[in-house]
Amino acid sequence: MNDNMKKTLNEYVEFIESGLKKYSLSGKLGLQRNIAGAMDYSLEAGGKRLRPVLVLAFCRMCGGDYKTAIAPAAAIEMIHTFSLIHDDLPCMDDDDFRRGKPSCHKQFGEAIAVLAGDALSIRPFEIIAGSHELSDSVKVKLISELACSSGAEGMIGGQVIDIENEQRKNVSEDNLRTMYSLKTGCLIKTSCVMGCIAAGADGEKISNAAEYARCIGMAFQIIDDILDVTGNEALLGKPVGSDAEENKTTFVTLYGIDKARAEAEKYTSKAMEILDRFENNEFIKELTEYMLNRNY
């Protein structure tokens, strides 16, 4: 990523961080203030903020003022963080660490972690509804998009398939693609689409954004499968080899590293082709390469 692109990325990330602080409940609660601490602890645990960056970048690429999209940008990061808190719980993936820090349930206890995740799944809709930068009709579209992609038809549905696949010995390629498209792809798709909606983009641009996101969501997850076998633990910031230890079916276990890599490259190329349908696409093209070439 060149210097201008890095400057733009840092500009977006700084704006997102200031937005998350603005929407924090710290200092605004009484006896229940511990929940705000748990929410902020997980929101501030690090991460690249790629999903909210996509919201802002698509808003700008579609001709909007990216600063008007801070509510949906913060909202998608809260939904993503809620999913990570719940993922780490003993009843789910049972992970004690997240991004090098104790998981929320290890820091605050399991009950507070559950409730912090619950609160982060609801707060986004309050933030969007209360935005002064967005029209009422745009707010309705954003809330509808975010709710659909977060629930049983989206990310949570993908997690259900993932959990149930742990008990299966015959997970098919169709099953795996569906799981990845829901668990990983839905929030990426909604990030891009919400940026378009905030900018007032037409249906064609929204459709193209959704197709682009479907491709990078699949590529992102397939690369994750590859890195779980070939990656550097120190660079990735998480253990490698966990998929094999848990007997998970992945693109690597189904087809091997070479074919999995070919699939990732196919989806990446398709995503880049779709971006050519947009003007002022330079930043998102660079961001796509950055996202999909991490340690790969």
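The rules we used
- Residues numbered from 1 in each chain as written.
- Predicted model: local features only at pLDDT ≥ 70, side-chain atom pairs only at ≥ 80, totals over all residues.
- Heavy atoms only, no water.
- Helix = DSSP H or I, 4+ residues; strand = E, 2+ residues; numbered from the N terminus.
- Rg over C-alpha atoms; globule rule 2.2 N^0.38 Å.
- Buried < 20%, exposed > 50% of the residue type's maximum accessible area, 1.4 Å probe, protein only.
- Contact = heavy atoms within 4.5 Å.
- Areas by Shrake-Rupley, 256 points an atom, 1.4 Å probe, with all protein chains shown as cover.
- Lys, Arg positive; Asp, Glu negative; His and termini not counted.
- Charge placed at Lys NZ, Arg CZ, Asp CG, Glu CD.
- Salt bridge = Lys/Arg side-chain N within 4 Å of Asp/Glu carboxyl O.
- Core = buried A, V, L, I, M, F, W, Y, C linked by side-chain atoms within 4.5 Å.
- Patch = residues over 30% accessible without salt bridge, like charges linked within 9 Å, V, L, I, M, F, W, Y side chains within 5 Å.
- Disulfide = S-S within 2.5 Å.
- Polar contact = N/O pair within 3.5 Å; in protein donor to acceptor, adjacent residues only side chain to side chain.

**Student:** Mind showing me how you'd approach the overall build of the protein chain here?
**Tutor:** Secondary structure summary: the protein chain contains 14 helices and 2 strands in total. Radius of gyration (C-alpha) of the protein chain: 19 Å, near the 19 Å computed for a compact globule of 296 residues. Out of the 296 residues in the protein chain, the part that is buried amounts to 51%. For the protein chain, restricting intrachain contacts to residue pairs at least 6 apart in sequence, the fraction spanning at least 24 positions comes to 72%. Of the roughly 13800 Å² of accessible surface on the protein chain, a fraction of 50% belongs to carbon and sulfur atoms. Computed over 34 positive and 45 negative side-chain charges, the inter-centroid distance for the protein chain is 3 Å.

**Student:** I would appreciate a short explanation of the pattern of salt bridges in the present structure.
**Tutor:** Side chains carrying opposite charge are able to pair once their charged atoms draw close together. Using the criterion set out here, one finds 15 salt bridges in the structure. Across the pair arginine 60 and glutamate 11 runs a salt bridge, and its minimum N-O distance is 3.4 Å. Placement of arginine 60 in helix 3 (residues 50-61) and of glutamate 11 in helix 1 (residues 3-23) is noted, with a sequence separation of 49 residues between them. Assessed through its relative accessible area of 29%, glutamate 11 is described here as partly exposed. As a salt-bridge pair, aspartate 258 and arginine 261 come within 3.8 Å of each other at their nearest N and O atoms. Placement of both aspartate 258 and arginine 261 in helix 13 (residues 251-275) is noted, with a separation of 3 residues, approximately one turn of the helix.

**Student:** Please explain the environment of lysine 67 as it appears in this structure.
**Tutor:** Within the fold, lysine 67 resides in the loop between helix 3 and helix 4 (70-88). Residues lysine 67 and phenylalanine 15, spaced 52 residues apart in sequence, show a C-alpha to C-alpha distance of 8.1 Å.

**Student:** Is there a simple way to think about helix 8 (residues 155-165) in this case?
**Tutor:** Count 3.6 residues to each turn of an α-helix, and residues three or four apart come out pointing the same way. Where helix 8 is concerned, the buried positions are Met155, Gly157, Gly158, Gln159, Ile161, Asp162 and Asn165. Where helix 8 is buried, its residues touch helix 4, helix 7 (136-150) and helix 9 (173-199).

**Student:** Would you take a moment to explain the nonpolar core for this structure?
**Tutor:** Across soluble globular proteins, nonpolar side chains show a tendency to be buried alongside one another. Grouped together as the largest cluster of nonpolar side chains are 87 residues, with contacts concentrated most on Leu54, Phe58, Tyr212 and Phe283. Among the elements that take part in this core, helix 9 stands out by supplying 13 residues, more than any other.

**Student:** Even after reading the chapter, I still don't get unusual backbone geometry, so can you show me in this structure?
**Tutor:** A positive phi angle, near 60 degrees, is found at arginine 49, a position not held by glycine. By secondary structure assignment, the location of arginine 49 is in the loop between helix 2 (34-43) and helix 3. For arginine 49, a relative accessible area of 3% puts it in the buried group. Look at asparagine 280: it is not a glycine, yet its phi comes out positive at around 55 degrees. By secondary structure assignment, the location of asparagine 280 is in the loop between helix 13 and helix 14 (282-292). On the basis of relative accessibility, which here comes to 57%, the residue asparagine 280 falls in the exposed class.

**Student:** How should I be thinking about the side chain of serine 42 in this particular structure?
**Tutor:** Residue placement: serine 42 occurs in helix 2. Taking relative accessible area as the criterion, serine 42 reaches 9% and is therefore assigned buried. With near-sequence residues (within four places) excluded, serine 42 lies in contact with Thr81, Ile85, Arg99 and Cys104.

**Student:** Is there a simple way to explain a negative patch on the surface in this structure?
**Tutor:** Residues Asp94, Asp95, Asp96 and Glu110 make up a contiguous surface patch of negative charge. Overall, the relative accessible area of 41% leaves glutamate 110 in the partly exposed class.

**Student:** Where do I start with the state of the cysteines in this structure?
**Tutor:** As used in these notes, a disulfide is a covalent bond between sulfur atoms, one from each of two cysteines. For the structure shown, the criterion picks out 0 disulfides. In this structure cysteine 186 is a free cysteine whose sulfur lies 7.1 Å from that of cysteine 148, the closest cysteine sulfur available. Overall, the relative accessible area of 11% leaves cysteine 186 in the buried class. The thiol of cysteine 196 is not disulfide-bonded; the next cysteine sulfur, from cysteine 62, is found 3.7 Å away.

**Student:** What is the right way to read the side chain of aspartate 225 from this model?
**Tutor:** With respect to the helices, strands and loops of the structure, aspartate 225 is situated in helix 10 (residues 203-230). Residue aspartate 225 is classed as buried on the basis of its relative accessible area of 3%. Of the polar contacts made by the side chain of aspartate 225, one reaches the backbone nitrogen of phenylalanine 251; its length is 3.1 Å.

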